[in-house]
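One-letter residues, chain by chain:
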Amino acid sequence: MGPTRAQFVQYAPAALALASVTAGPWSALAAAAAGAGAWAVGASAPALRSLIACGITASGCGIAAHQVLTTGMNPLFALGLAVPAGAAALAHHRNTGAGLPVLPATTAAGQSSQAQLITAWWTEFISGPTQTEGRKLIQPGAVLAHLALDVGDDHASFSGVITVPQGQQVRVKAADIASVYQVPVSQVEMGDPKHYAPNALPVTVHLKRAPELPEQPGISAGAPTTPEELWAAHVAVPDGAMPGTRLTLTRYGGPLDWEGIATRERKAIGTVNIQDLAGNLDLSSIQIALAPTDKPSQMGVRVMKEHALMHGTMLSSVVDELAMDSRGYVRLGTYIDAHAALVPLAQPGSGARHLYLVGGSRSGKSGVLEQVLLSAHRSGIAVILSSPQAGTIAGAGLAAYCGDGLDEAMGALRLAYALMLDREARYRSPAFPFTDPLVLTVIDEAHMLLSVSSPYHAEAKAIVEQLTRRSLKRGIGVVLATQTPLAEDLGNSSIIRSQLLIGGGAVFLRCAKGQGSLVGANAVQGAEGIDLSMIPDSWPGQARKVADRDMSGLDTEAVANPEDGTFGLGYLLTPGSQAVQFRSLYLDVPPVSLAGSQPPVAVEDCQAWQHREAITQTAVVDQRGKNLIGSLADLLTKAQQGPPVPHQRAQTAPAGPTGPADGQELIKPRILELLREESIAMTAETIARKLGTSAKNVKPRLSELKKRDEVTNENGLWKAA
């Protein structure tokens, strides 16, 4: 049986070198024959080039040795000429061998043979300048500087610094280096680019690792290591987060950077508890995200080392997506998979849609509300804004009616209820054509009206329950925002929450510790197991960034970057889907500035709107919170003939006929009494309206009280000291 192609390419130069010494000039013909034979058997380009070089070297040495012998010189000279030929054959053997040999010998130039070989491979495959035909260099010009070797009996490694010209960035990856030196990716260690210059990156390659230490007690030899093995061992088991599933990787960048598809054979995966899944994989909940697919039996899984939403999506970059599309959706942010996160504000041919918003302090809740107000404005939707905490919504000017303050916010709810009664009286059929504009009733800090401790608890609860139940078919949607998902924030009404979720989407942002668990009584279908308090308030590494203090003074024009906090990060639940991690748009420009000079979208000119001032001052329930007024005619009758709301009678009664009450000393005690009783900050205009006088008379008195330190003023909002 003849030699194989690999044996021919490997051993032909050695035989050629020996023949060169004795055959003389005929060795040139042998070199040509060897080269032709290698080409004929289809040797690779590097092996062919190495073979030709070896043949030429051997041929030259053979000719010289033949001349020495024929001239009668000392035969030792001829023997010496055979040494380069043998070296050439040995080099060819290394080039075609299966592994990278360890050669500790050092040349006269001061670099070992192994270092020369490492450098040669780096130049050949990564940096150039030479490039073999049919192969593309990984990054031309990315040289390996400061090469250092660590060679022992049981290990061999080298380290250096990948350097590119100034102004360029190192693009060589660990996988590239591993493929060149034929080692696993895990044996290539590269520095973090964040801590080094863009054009210089340290690298260490372990060509041969030392033997592993003996196994520790309690750790089995077959412990799972790959994502598929971890999934099968902890997630797919009967008591795991997704029993009966298998994981198929679609991308792998390391133990904390991979994506895959979870599949359950011929069965729907159903709802997944994200906390249980994170526990199975030994991760934090913010490191893992799920993405439902078109198939109930499949679900996308993503594990992240650095969160994909850290850098956010700028509001100004997606202005065209803020208006409602033909399906009734607007863009609210970006999903974890970089797709647009959309929520419905309407359903064509059916009516409006609700939106349930949960988020604690500094979670980004106010920013989401401002986006909703802007989207409604750009979509031709009128807004009735109920804001119990005065002065908190920057986009309040986009609302057709704004109830700013606790009493005014309750009035806005009454107006929304009256508008629903008005439309029910005018449109008897649920499928009426929407000749009137869609309306959004936006309720911020709803717990201030709905909680049992609120003076308006019974009335607000009755109104919101009716709005969430009956308003959608009348083109009126409810956007309700509160700080926690707890039942107390919704007045202990299961009706409100269920109707909000049935009638639209939900946004869940970070909550205070112990107040954000969506389990048990607070469970939401499609978002079971999520704990909103586990969403961190800052990204990893933020503490070090804060510690790097700038002592140059306060920069009044400085703004926060998306990386400075996790505001807007949470979960979006749309009808018929699983809650998916997303982040609302980053407000790089104030949303109200994108509304242009257009006035707010107006509510239609109907009886409820014409009598809005009287309606907002009229309670729609009795003193016990029962017997909600059920028709517009009854409501208008009570608004026109009935007494004012008892809670407001003392505040709205006009001052007596004596002149000094308006503008003199007698009005100051009334201002102080009002501010202390309400316990919330109010504008001068609101104070004047409650006292039945004008802002012109109130403002000077407020200034005098401020000088006495009896009231305080912050951004135009007055409150008792």
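Residues numbered from 1 in each chain as written. Predicted model: local features only at pLDDT ≥ 70, side-chain atom pairs only at ≥ 80, totals over all residues. Heavy atoms only, no water.

**Focus on the sheet that holds strand β15 (residues 401-404)**
One open sheet accounts for 10 strands, arranged β10-β9-β20-β19-β18-β13-β17-β16-β14-β15; its pairing is mixed. Two strands in the sheet have a free side with no partner beyond their single neighbour: β10 (340-344) and β15. Strand-to-strand twist of the sheet, defined as the mean angle between neighbouring strand axes without regard to direction, takes the value 25 degrees. Across the face of the sheet, helix α10 (residues 406-426) comes into contact with β14 (382-387), β15, β16 (439-443) and β17 (476-482) while running at roughly 145 degrees to β14. (Pairing = 2+ DSSP bridges. Helix = DSSP H or I, 4+ residues; strand = E, 2+ residues; numbered from the N terminus. Axes fitted to C-alpha atoms, helices over the stretch in contact; angles between N-to-C directions. Contact = heavy atoms within 4.5 Å.)

**Looking at the side chain of T482**
Residue placement: T482 occurs in strand β17. Owing to a relative accessible area of 0%, T482 belongs among the buried residues under this scheme. (Buried < 20%, exposed > 50% of the residue type's maximum accessible area, 1.4 Å probe, protein only.)

**Points about unusual backbone geometry**
The backbone phi angle of R266 is positive, close to 60 degrees, even though this residue is not glycine. By the element assignment, R266 lies in the loop between β6 (258-264) and α8 (274-280). The backbone of D282 shows a phi angle near 60 degrees, a positive value even though the residue is not glycine. Considering the arrangement of structural elements, one finds D282 in the loop between α8 and β7 (288-292). With a relative accessible area of 70%, D282 lands in the exposed category.

**Some remarks on the nonpolar core**
With 140 residues, the main nonpolar core has W231, M242, L277, L480, F508 and I687 as its most contacted residues. Counting residues in each nonpolar core, the second largest holds 24 residues, with I126, L144, I162 and V203 among its members. (Core = buried A, V, L, I, M, F, W, Y, C linked by side-chain atoms within 4.5 Å.)

**Brief notes about the pattern of salt bridges**
On inspection of all chains with the given rule, the structure shows 19 salt bridges. In this structure, the salt-bridge partner of E445 is K365, at a minimum N-O distance of 3.2 Å. Taken as a pair, E445 in the loop between β16 and α11 (447-450) and K365 in helix α9 (residues 365-378) lie far apart in primary sequence, 80 residues in all. The exposure class of E445 is buried, given its relative accessible area of 8%. (Salt bridge = Lys/Arg side-chain N within 4 Å of Asp/Glu carboxyl O.)

**Here's the deal with the packing of helix α12 (residues 457-470) against helix α13 (residues 494-502)**
Two numbers describe a pair of packed helices, the interaxial angle and the distance between the axes. Look at α12 against α13: their axes get within 9 Å of each other, and the N-to-C directions meet at 25 degrees. Of the possible angle classes, the one that applies to α12 and α13 is roughly parallel. Regarding α12 and α13, the two cross each other, and that crossing is left-handed. Taken together, the residues of α13 that come into contact with α12 (itself represented by K461, V464, E465, T468 and R469) are I495, I496, Q499 and L500. Among the residues making up the contact of α12 with α13, the classes are represented as 4 nonpolar, 2 polar and 3 charged. (Parallel < 35°, antiparallel > 145°, perpendicular 65-115°, else oblique. Left-handed = near helix turned anticlockwise from the far one by under 90°. Nonpolar A, V, L, I, M, F, W, Y, C, P; charged D, E, K, R; others polar.)

**Overview of the environment of E704**
Structurally, E704 is set in helix α21 (residues 695-707). For the pair E704 and K668, spaced 36 residues apart in the sequence, the C-alpha separation amounts to 8.9 Å.

**Focus: the confidence of the model for the chain**
Interpretation of the predicted coordinates at a detailed level should be avoided for regions scoring low in pLDDT. Chain-level statistics for the chain give a pLDDT mean of 79 and a share of 75% at 70 or above. For the chain, per-element mean pLDDT is lowest for helix α18 (residues 646-652), which scores 38, and highest for β16, which scores 97. The low-confidence segment residues 213-220 (pLDDT under 50) makes 2 contacts with residues lying over four places distant or belonging to another chain. Confidence drops under a pLDDT of 50 for residues 644-664, and excluding neighbours within four residues, the segment shows 41 contacts in the predicted structure. (pLDDT = per-residue confidence, 0-100.)

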